[in-house]
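# Inside the fold
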Amino acid sequence: MPSPTQVVALLKAQNIRHVRLYDADRAMLLALANTGIQVTISVPNDQLLGIGQSNATAANWVARHVAAHVPTTNITAIAVGSEVLTVLPNAGPVLVSALKFIHSALVAANLDDQIKVSTPHSSSIILDSFPPSQAFFNRSWDPVMVPLLKFLQSTGSYLMLNVYPYYDYMQSNGVIPLDYALFRPLPPNKEAVDANTLLHYTNVFDAIVDAAYFAMSDLNFTNIPLVVLESGWPSKGDSSESDATIDNANTYNSNLIRHVLNNTGTPKHPGIAVSTYIYELYNEDLRPGSVSEKNWGLFNANGVPVYTLHLTGAGTVLANDTTNQTFCVAKDGADKKMLQAALDWACGPGKVDCSALLQGQPCYEPDNVISHSMYAFNAYYQQMAKAPGTCDFKGVATITTTDPSHGSCIFPGSHGRNGTITNGTSLAPSSNTTTSGCSPKYVYGGDLVTSSVIFGVTLMTAVFL
């Protein structure tokens, strides 16, 4: 996975203003400092029992993971656990206590107005979800859901729900049409109609969200907002997952973004948009499970988009076409001796014109192996037309969408200050040149969010609409 600084650089380059973390990683929170990005952090499930049984443990968690980072890092919510009632039911009895203990610690730190506390649920806790008007929460969890909803209501928080039309479609045995799951337009006679309310549903997402609203109403809670903390579609699957494709993932996420940003709302609550986090920012090649489990990301680990979102008419949510603006840079923490060797190769056998790195030239400063190797790596990557394998340098280089140009040092491939692209190929020496134009060796001294799309960063991370 990319380093925290690389993740934040991507978030900033894509103008992503909200992010959900699946833990409270200190390095990630430090990297997010002073960015203004609104952050939802999480209490992992393996810490839930301890926090739910001890006010002191909860207070210590808030002190370490929240109070130590605000206000420089803009933490706005805490997700306590993840789908606890369905994946960790033995922790269900202490779930509400955990939320209350975390909230009490925020009150003591005078942070409760800024930071809301809730817990994300799987939509599978909703039974009889269609028609939405007859939906209700699994009755066996009433002893948890009733006090939970009372807590959310009393603290001005919101119900967190994970909504995955992909799984509903896959498990429906052909009952749910693919177009209905993907937000594709349906003729009126194909729309799903709730016979009790006569509300028409044109997509699975709205039906699930409204089912949650009706399930809360069934328990006499009618004024609690809802945030979708995860939603998305996988771009690749195995032989049994034929609809996990790049085209379907692009269609779902693009239509979801458009649906949320247009303030369409749902049939039950028209005009009240449902703030939504897209799962997830990066693909996870090492994640166990099926092929689709590894391929929910909008970006590959090197920062290159898996696909270009179709967002015409939906406003700018992502700088969505970044495929032509990629650069090769040194990895954070790379060994300096390996960087030195790779720099020597690039400026020698690699035939990169490194003259811009000589003393007095635009890219000489800062005069260190990391900065100089970044320039040389990127120049080679650009002159090789970004071909696969040309940004590796024995593992010390990585691809990024963030322009590394600085001051008067314009990197090859950059649009530069005047908006024109610097052509990397023009920097390569002629084929009969035996030196690189530089010395062969360099020596250095040692509040509830409004309608928006959120991207999840898997650290895990998600993205917010």
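Definitions and cut-offs
- Residues numbered from 1 in each chain as written.
- Predicted model: local features only at pLDDT ≥ 70, side-chain atom pairs only at ≥ 80, totals over all residues.
- Heavy atoms only, no water.
- Core = buried A, V, L, I, M, F, W, Y, C linked by side-chain atoms within 4.5 Å.
- Buried < 20%, exposed > 50% of the residue type's maximum accessible area, 1.4 Å probe, protein only.
- Helix = DSSP H or I, 4+ residues; strand = E, 2+ residues; numbered from the N terminus.
- Disulfide = S-S within 2.5 Å.
- Salt bridge = Lys/Arg side-chain N within 4 Å of Asp/Glu carboxyl O.
- pLDDT = per-residue confidence, 0-100.
- Contact = heavy atoms within 4.5 Å.
- Axes fitted to C-alpha atoms, helices over the stretch in contact; angles between N-to-C directions.
- Parallel < 35°, antiparallel > 145°, perpendicular 65-115°, else oblique.
- Left-handed = near helix turned anticlockwise from the far one by under 90°.
- Nonpolar A, V, L, I, M, F, W, Y, C, P; charged D, E, K, R; others polar.
- Phe/Tyr/Trp six-rings, centres within 6.5 Å; stacked < 30°, edge-to-face > 60°.

The name given to the protein chain in an unreviewed UniProt entry is Glucan endo-1,3-beta-glucosidase 3, and the organism recorded there is Citrus sinensis.

Judged by nonpolar contacts, the single largest core of 101 residues is most densely connected at Ile41, Trp61, Val66, Ile78, Ile102, Phe137 and Leu149. If one sorts the elements of this core by residue count, helix H10 (residues 204-218) sits on top with 11 residues. In terms of nonpolar packing, the next biggest core, distinct from the first, is built from 27 residues, Ala334, Val352, Tyr380 and Ile399 among them.

Our focus in this paragraph is the state of the cysteines. Tallied over the full model, the rule gives three disulfides. Through a disulfide, cysteine 328 is tied to cysteine 391; the S-S separation comes to 2.1 Å. Torsion about the S-S bond of the cysteine 328 and cysteine 391 cystine: about 90°, corresponding to right-handed handedness. Of this pair, cysteine 328 sits in strand E13 (residues 327-330) while cysteine 391 sits in the loop between helix H13 (369-383) and strand E14 (397-400), and the two are 63 residues apart along the sequence. The exposure class assigned to cysteine 391 is buried, which follows from its relative accessible area of 12%. Cysteine 363 shares a disulfide with cysteine 409; S-S distance 1.9 Å. Between cysteine 363 and cysteine 409, the disulfide has an S-S torsion of 100° and is therefore right-handed. One end of the pair, cysteine 363, is in the loop between helix H12 (336-346) and H13; the other, cysteine 409, is in the loop between E14 and strand E15 (453-457), with 46 residues separating them in the sequence. Residue cysteine 363 is classed as buried on the basis of its relative accessible area, which comes to 4%. Judged by relative accessible area, cysteine 409 falls into the buried class, the value being 1%.

Right, let's get into the pattern of salt bridges. Inspection of every chain in the model, using the stated rule, returns six salt bridges. With its nearest N and O atoms 3.4 Å apart, the salt bridge here joins glutamate 230 to arginine 20. With glutamate 230 in strand E11 (residues 226-231) and arginine 20 in strand E1 (residues 18-21), this residue pair connects regions lying 210 residues apart in the sequence. Given a relative accessible area of 8%, glutamate 230 falls into the buried group. Close ionic contact of aspartate 179 with arginine 184 constitutes a salt bridge, the shortest N to O distance being 3.0 Å. Under the relative-accessibility criterion, arginine 184 is labelled partly exposed at 24%. Ionic contacts of the salt-bridge type, sharing partners, join the residues Asp179, Arg184 and Asp247 into one network.

When the pLDDT values of the protein chain are averaged, the result is 84; 85% of them are 70 or greater. Across residues 312-317 the pLDDT falls below 50, and counting only partners more than four positions away or on other chains, this stretch makes 11 contacts in the model.

Here we come to the packing of H12 against H13. Closest axis-to-axis distance for the H12/H13 pair is 9 Å, and the angle between their directions is 40°. By the angle between their axes, H12 is oblique relative to H13. Relative to H13, H12 is oriented so that their crossing is left-handed. In this structure, H12 uses Lys336, Leu339, Gln340, Ala342, Leu343, Trp345 and Ala346 to contact H13, whose residues at the interface are Val369, Ile370, His372, Ser373, Ala376, Phe377 and Tyr380. Taken together, the residues that form the contact of H12 with H13 break down as 10 nonpolar, three polar and one charged.

Attention now goes to the packing of aromatic side chains. Evaluated as defined, the whole model comprises 19 aromatic pairs. Plain terms: the ring middles of tyrosine 22 and tyrosine 279 are 6.2 Å apart, the flat faces sit at 75° to each other, and that makes the pair edge-to-face. Of the two residues, tyrosine 22 sits in the loop between E1 and helix H2 (26-31) while tyrosine 279 sits in the loop between strand E12 (276-278) and E13, which places them 257 residues apart along the sequence. The pair formed by tyrosine 22 and tyrosine 279 is uniform in burial state, with each residue classed as buried.

With omega at 10°, the peptide bond leading from tyrosine 279 into glutamate 280 counts as cis. Relative to the assigned elements, glutamate 280 resides in the loop between E12 and E13. Of note, aspartate 128 is a non-glycine position whose phi angle comes to about 50°, a positive value. Structurally, the position occupied by aspartate 128 is in the loop between strand E6 (126-127) and strand E7 (136-137). With a phi angle near 60°, lysine 351 is a residue other than glycine that sits in the positive phi range. Here lysine 351 shows up in the loop between H12 and H13. Given a relative accessible area of 36%, lysine 351 falls into the partly exposed group.

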